[in-house]
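Descriptive structure summary
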Amino acid sequence: MSVTLLLFASYADAFGTPSLSVELPEQATVADLLTAISGRSGAHVLPKAPLVAVNQRYAHPSTRIASGDEVALIPPVAGG
Amino acid sequence: MSVTLLLFASYADAFGTPSLSVELPEQATVADLLTAISGRSGAHVLPKAPLVAVNQRYAHPSTRIASGDEVALIPPVAGG
Amino acid sequence: MTAVGRLTNEPIDASSLAVEAGSPSFGAILVFLGVVRDINDGRSVTAIDYSAYEAMAAILLGDIAREGAERHGPANVVIVHRLGELGLQEASVGIAVANAHRDDAYQLSRWCIDELKRRVPIWKREHYTDGTREWVDPTGAAVEASR
Amino acid sequence: MTAVGRLTNEPIDASSLAVEAGSPSFGAILVFLGVVRDINDGRSVTAIDYSAYEAMAAILLGDIAREGAERHGPANVVIVHRLGELGLQEASVGIAVANAHRDDAYQLSRWCIDELKRRVPIWKREHYTDGTREWVDPTGAAVEASR
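Residues numbered from 1 in each chain as written. Chains lettered and ligands numbered in written order. Predicted model: local features only at pLDDT ≥ 70, side-chain atom pairs only at ≥ 80, totals over all residues. Heavy atoms only, no water.

1. A word on the interface of chain C and chain D
As a reminder, the rule being used: Here a residue-residue contact requires only that any non-hydrogen atoms of the pair lie within 4.5 Å. Each of two parts loses accessible area, computed with a 1.4 Å probe, when they are put together; buried area is these two losses added. Between Lys or Arg on one side and Asp or Glu on the other, a salt bridge is scored when a side-chain nitrogen of the former is within 4 Å of a carboxyl oxygen of the latter. Any pair of nitrogen or oxygen atoms within 3.5 Å is treated as a polar contact; in protein, a donor-acceptor pairing is required on top of that, and neighbouring residues in sequence qualify only through side-chain atoms on both sides.
Between chain C and chain D, the contact holds 32 residues from the first and 32 residues from the second. Together, the buried faces of chain C and chain D total about 2800 Å²; carbon and sulfur atoms form 51% of this surface. The tally of links from chain C across to chain D stands at four salt bridges. D103 of chain D serves as the salt-bridge partner of R110 of chain C, at 2.6 Å between the closest nitrogen and oxygen. Linking chain C with chain D are 21 residue pairs in polar contact (both at pLDDT 80 or more).

2. As for the pattern of salt bridges
Residues and elements named next belong to chain C. To keep things clear, this is the line we draw: Helix and strand assignments follow DSSP, with helices taken as H or I runs no shorter than four residues and strands as E runs no shorter than two, numbered in order from the N terminus. The classification of residues rests on relative accessible area computed with a 1.4 Å probe and restricted to protein chains. Under 20% of the type maximum is buried, over 50% is exposed, and intermediate values are partly exposed.
The tally for this structure, following the rule as stated, stands at 26 salt bridges over all chains. Residues E67 and R119 are paired through a salt bridge, measuring 2.8 Å at the closest nitrogen-oxygen approach. Pair noted here: E67 is in helix 2 (residues 54–71) and R119 is in helix 3 (residues 102–119), with a separation of 52 residues, a long-range link. Judged by its relative accessible area of 30%, E67 falls in the partly exposed class. As a salt-bridge pair, R110 and D114 come within 3.2 Å of each other at their nearest N and O atoms. Pair noted here: R110 and D114 are both in helix 3, with a separation of four residues, about one helical turn. The exposure class of R110 is partly exposed, given its relative accessible area of 22%.

3. Focus: the relation of the copies chain C and chain D
As a reminder of what qualifies: Alignment of the copies relies on least squares applied to C-alpha atoms, considering only residues that score at least 70 for pLDDT in both.
Least-squares fitting of chain C to chain D yields an RMSD of 0.0 Å, with the superposition described by an axial translation of 0.0 Å and a rotation of 180°. Look at the turn and shift together and you get a two-fold axis relating the two. Taken together, the interface assignments show that 100% of the residues at the interface of chain C recur at the interface of chain D, consistent with an identical surface on both copies.

4. Structural notes on the confidence of the model for chain C
All names here are of chain C. Stated precisely, the cut-off is as follows: Each residue carries a pLDDT score, the predictor's confidence in it, ranging from 0 to 100.
On average, chain C scores 94 in pLDDT, and the residues at 70 or more come to 95%. A low-confidence stretch, residues 141–147 stays under pLDDT 50, and its non-local contacts, those more than four residues away or across chains, total eight contacts. The complex model carries a pTM of 0.95, and its ipTM stands at 0.94.

5. Observations regarding the sheet that holds strand 5 (residues 71–74) of chain B
All names here are of chain B. Selection rule: Strand pairing is defined by DSSP finding a minimum of two bridges between the two strands.
A sheet is described by the order of its strands in space; here five strands give the open sequence 2-1-5-3-4, paired in mixed fashion. Since the sheet does not close on itself, it has two edges, and those belong to strand 2 (19–23) and strand 4 (57–58), each with one partner. As judged from the two bridges shared by strand 3 (residues 51–54) and strand 4, these two strands associate in the antiparallel manner. Pairing of V54 across the sheet is with R57, part of strand 4.

6. Regarding the nonpolar core
How we decide: Among buried residues, those of type Ala, Val, Leu, Ile, Met, Phe, Trp, Tyr and Cys that are joined through side-chain atoms within 4.5 Å constitute a nonpolar core.
Among the nonpolar cores identified, the biggest contains 84 residues, and I79 of chain C together with I79 of chain D are the most heavily contacted of them. If we ignore the near neighbours within four places in the chain, the residues touching I79 of chain D are V4, G5, R6, L61, I64, A65, G94, I95, C112 and L116 of chain D. Core analysis: the next-biggest nonpolar cluster, separate from the first, contains 30 residues, L17, V31 and V80 of chain C together with V78 of chain D among them.

7. Thoughts on helix 2 of chain C
Because an α-helix completes one turn every 3.6 residues, residues spaced three or four positions apart along the sequence face the same direction. The condition that has to hold: In this scheme, a helix's expected span is set at 1.5 Å multiplied by one less than its residue total.
Given a rise of 1.5 Å per residue, 18 residues ought to cover 26 Å, and the 26 Å separating the end C-alpha atoms of helix 2 of chain C matches this to within 8%. Taken together, the buried positions of helix 2 of chain C are M56, A57, L60, L61, G62, D63, I64, A65, G68 and A69 of chain C.

8. A look at the packing of helix 2 of chain C against helix 3 of chain C
Residues and elements named next belong to chain C. Rules: Axis definition: a line fit to C-alpha positions, over the contact stretch in the case of helices; interaxial angles, taken between N-to-C directions, run 0 to 180 degrees. Any angle from 65 to 115 degrees is called roughly perpendicular, while one under 35 is roughly parallel, one over 145 is roughly antiparallel, and all others are oblique. Take the far helix as your reference; a near helix turned counterclockwise from it by less than a right angle gives a left-handed crossing, and one turned clockwise gives a right-handed crossing.
Their axes nearest at 10 Å, the elements helix 2 and helix 3 cross at an angle of 150°. On the basis of the axis angle, helix 2 is roughly antiparallel to helix 3. Handedness of the helix 2/helix 3 crossing: right-handed. When helix 2 is examined against helix 3, the residues L60, L61, D63, I64, E67, G68, A69 and R71 are found in contact with a partner set consisting of L108, W111, C112, E115, L116 and R119.

Written out as structure tokens, the structure is:
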């Protein structure tokens, strides 16, 4: 399946885009997603365990991603 | 000497006046003042050790009162 | 540095206080408002009138602002207490503090309102729905006597 | 009960937030404002631009308002975070809470701002007097990498 990964702030700057298209097998997890993008240009800015949101909620590495899910990579937050 | 004692809020209500004139000997203290008014009508509402201010500062029972000082009896405060 | 306390007969505006306390070097502003509420000690309140030993109260409000700014500063502090008759939800007191960071702002704000309630010669008389009015004595003891 | 969180592009007004949080049964209102200050980590700041994962940030602001009102309630909570470019002394966040008494209001307000900083997907890029701009990483580690 093809998943669109949303990027923000410093991550969008590093990858040079506000979203990446990532090919993943069915039943893939957040951990699989992170492995899949680890070779992309810009991925060097990511911490070891970057925050990922699935459908606008924080996800675990074991969270499964389904086709059509809204998936986002969340840089360290700095609100307030 | 004659001292004018300012009264406020519940004390003014109890004594029926916003100020009392009190005759005190020279060198009198706050404690002397309290003794001097203990027989006045309304004095029953006073706690054992009512707060007294001399010249707009809280005073001790041993604080001396001089002629011309601004002396006030302070009911339990309830600001805020 | 701003560290001021005053009495007013006008409504208290949170935004104005925040502006007065603000500074380019302070990132946290905290505005406390004490407002008239409808129930106190189980009795239904319609209004409160506030009075003060005005000269002394103004001095002590300024003292508290300055002492607070020294204890939990650098900071700006503005303390305003309103006098007169206030209806439900009207603010009787407004305290705006500004600090570089929020830790100090919370401590400073809390210290100021606690000290104000402890030592400033201000009194309030509650008006109840049954038409009676009564001076409020937070120490409890004297309430019976004044009834 | 009011327990809401939202994003805005407009200036944040402390008085409006206080009115929105107020209720006749709550005697203490506390408004926290986080404002842009001139120095951060020793660097001279001229402005900050805030951005967010807007859909998720709005959800989490509402979560925090509701969770806070449950933990330290009964209470009303209104949380607003501003996005876009803000100059010095402009408020990026406003949190108004109202409780029956001040103890709870101070705890609730503090809890809300701490949670907001911990979990809401909002980012800020500081503009410095030397013309450079930089994403702020409160965790420290990634700042070097993003320079």
